[in-house]
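Here's the letter readout for the chains.
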Amino acid sequence: MTIKSPIKLYDLVGADGRRFSSNCWRSQFALAHKGLAYATVPTKFTEISAVCGGGHKTIPVIEDGATQVCDSWAIANYLEETYPDRPSVFGDGASGDVPGDAPGGARGFSLFLQHWGMRNISFPLLHIIIKNIYDRLDEADQPYFRETREKRFGKTLEELVENRDETMVQFRDNLNPLRTVLADQRYLSGAAPLYPDYIVTAALLWVRIMSPVQLLADDDPLNDWFNRMLDQFDGLARNTPKEWVGV
Ligand SMILES: N[C@@H](CCC(=O)N[C@@H](CS)C(=O)NCC(=O)O)C(=O)O
């Protein structure tokens, strides 16, 4: 019998080993949800072009035996299709009979939430923490990050975060639909977490690991849900080194 090697997940890394990419966290949650053995490969921005022999512009990338899959959405779909006997990250066709499997059918909703989240969560957050991210990158990546982001946005990193107090107010307001849903159910996906919960958690982790800002007010009802998400999979997201958090 051949023993399959764990799936490799190329995972973005900053200074001090910080695993901060929300895109990569989504894939890590998908792997954990499916209960698949995986190993992360810490990868700097300036190392991405060499991942898996080259040809990929972004990470996450997974390597499952001879198969490479790039893009977090493609990875979630690949895992669903390749490992249908494992709990479904979308709840598609899930019976609830497999531990961790929640009936739901959240594939379409996940795609909506990913796009909604880009506009309403990630974009404002970038205008709050982009300079914090730069400061917490490995020195080898800092010139690349500054140059590519300043070119992309047509502003310096410092200019991008000039209005961050106002952006924070807007960002917190954008989360109101999530608060409304969570007033009635424990997770965005219902009684148990599915990919929609991982999408939002991954974005909040990006900030938790790369910025000292307090994202949610102390009395924000989202804190209870976020804490439950940090506890998933034996505290996968909570158990990151404590030096990464809030500094
Ligand atoms: N749509 C892609 C986006 C991936 C992405 O943008 N990854 C970033 C890291 S978080 C990246 O690799 N950026 C490369 C670069 O900026 O050079 C996904 O969901 O996987």
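For the structure itself, consult the block above.
### Let's talk about unusual backbone geometry
Following Ile59, the chain continues to Pro60 via a peptide bond in cis, the omega torsion being 15°. Along the chain, Pro60 falls in the loop between strand 2 (38-43) and strand 3 (61-64). In the Ramachandran plot, Phe233 falls in the positive-phi region, its phi being about 55° despite a non-glycine side chain. The residue Phe233 is located in helix 9 (residues 222-235) in this model. With relative accessibility at 28%, the residue Phe233 sits in the partly exposed group. A positive phi angle is found at Asp234, which is not glycine, with a value near 55°.

### A look at the pattern of salt bridges
Note that side chains of opposite charge can pair when their charged atoms are close. For the structure shown, the criterion picks out 13 salt bridges. Residues Arg19 and Asp11 are paired through a salt bridge, measuring 3.0 Å at the closest nitrogen-oxygen approach. Each member of the pair, Arg19 together with Asp11, is buried. Within the structure, one salt-bridge network assembled from shared partners comprises Glu81, Asp92 and Arg107.

### Side note on the packing of helix 6 (residues 164-174) against helix 7 (residues 176-184)
At their nearest, the axes of helix 6 and helix 7 sit 5 Å apart, and the two run at 35° to each other. Contacts between helix 6 and helix 7 involve Arg172, Asp173 and Asn174 on the former and, on the latter, Asn176, Pro177 and Arg179. When grouped by side-chain class, the residues that make up the contact of helix 6 with helix 7 number one nonpolar, two polar and three charged.

### Observations regarding the pairing of strand 1 (residues 7-12)
Counting buried positions along strand 1 yields five of six residues, so the element is predominantly enclosed. As paired strands, strand 1 and strand 2 are joined by six bridges and run parallel to one another. Each residue of the ladder has a partner; that of Lys8, found in strand 2, is Ala39. Traced from strand 1 through helix 1 (residues 22-34) to strand 2, the parallel crossover comes out right-handed. Relative to strand 3, strand 1 runs antiparallel, the two being bridged by three bridges. Directly across from Lys8, in strand 3, lies its bridge partner Glu63.

### Some points on the site of the ligand
With respect to spatial proximity, 14 residues lie near the ligand, and among them Ile59, Asp71, Ser72, Tyr144 and Arg149 are the closest. Here an oxygen atom of the ligand and a side-chain polar atom of Arg149 are 2.9 Å apart. Protein contact buries 79% of the 510 Å² of open area that the ligand shows by itself. Of all the secondary structure elements, the ones that give two or more residues to the shell around the ligand are helix 1 and helix 4 (142-153). Residues belonging to the shell around the ligand are distributed by class as follows: six nonpolar, four polar and four charged.

### Observations regarding the environment of Ala76
Tracing the sequence through the fold places Ala76 in helix 2 (residues 72-82). Of the residues examined, Ala76 reaches a relative accessible area of 0% and is grouped as buried. Ala76 sits 119 residues away from Tyr195 along the chain, and the two C-alpha atoms are 8.5 Å apart. With sequence-adjacent residues up to four places away left out, Ala76 is seen in contact with Val89, Phe90 and Tyr195.

### Some details on the side chain of Ser72
Within the fold, Ser72 resides in helix 2. Within the structure, the side chain of Ser72 is placed 3.1 Å from the side chain of Arg26, a separation counted as a polar contact. Filtering out sequence-adjacent residues up to four positions away, Ser72 remains in contact with Asn23, Arg26, Ser27, Pro60, Gln114 and Tyr195.

Conventions and cut-offs
- Residues numbered from 1 in each chain as written.
- Predicted model: local features only at pLDDT ≥ 70, side-chain atom pairs only at ≥ 80, totals over all residues.
- Heavy atoms only, no water.
- Helix = DSSP H or I, 4+ residues; strand = E, 2+ residues; numbered from the N terminus.
- Buried < 20%, exposed > 50% of the residue type's maximum accessible area, 1.4 Å probe, protein only.
- Salt bridge = Lys/Arg side-chain N within 4 Å of Asp/Glu carboxyl O.
- Axes fitted to C-alpha atoms, helices over the stretch in contact; angles between N-to-C directions.
- Contact = heavy atoms within 4.5 Å.
- Nonpolar A, V, L, I, M, F, W, Y, C, P; charged D, E, K, R; others polar.
- Pairing = 2+ DSSP bridges.
- Right-handed = clockwise from strand over helix to strand, strands pointing away.
- Near = heavy atom within 4 Å.
- Polar contact = N/O pair within 3.5 Å; in protein donor to acceptor, adjacent residues only side chain to side chain.
- Areas by Shrake-Rupley, 256 points an atom, 1.4 Å probe, with all protein chains shown as cover.

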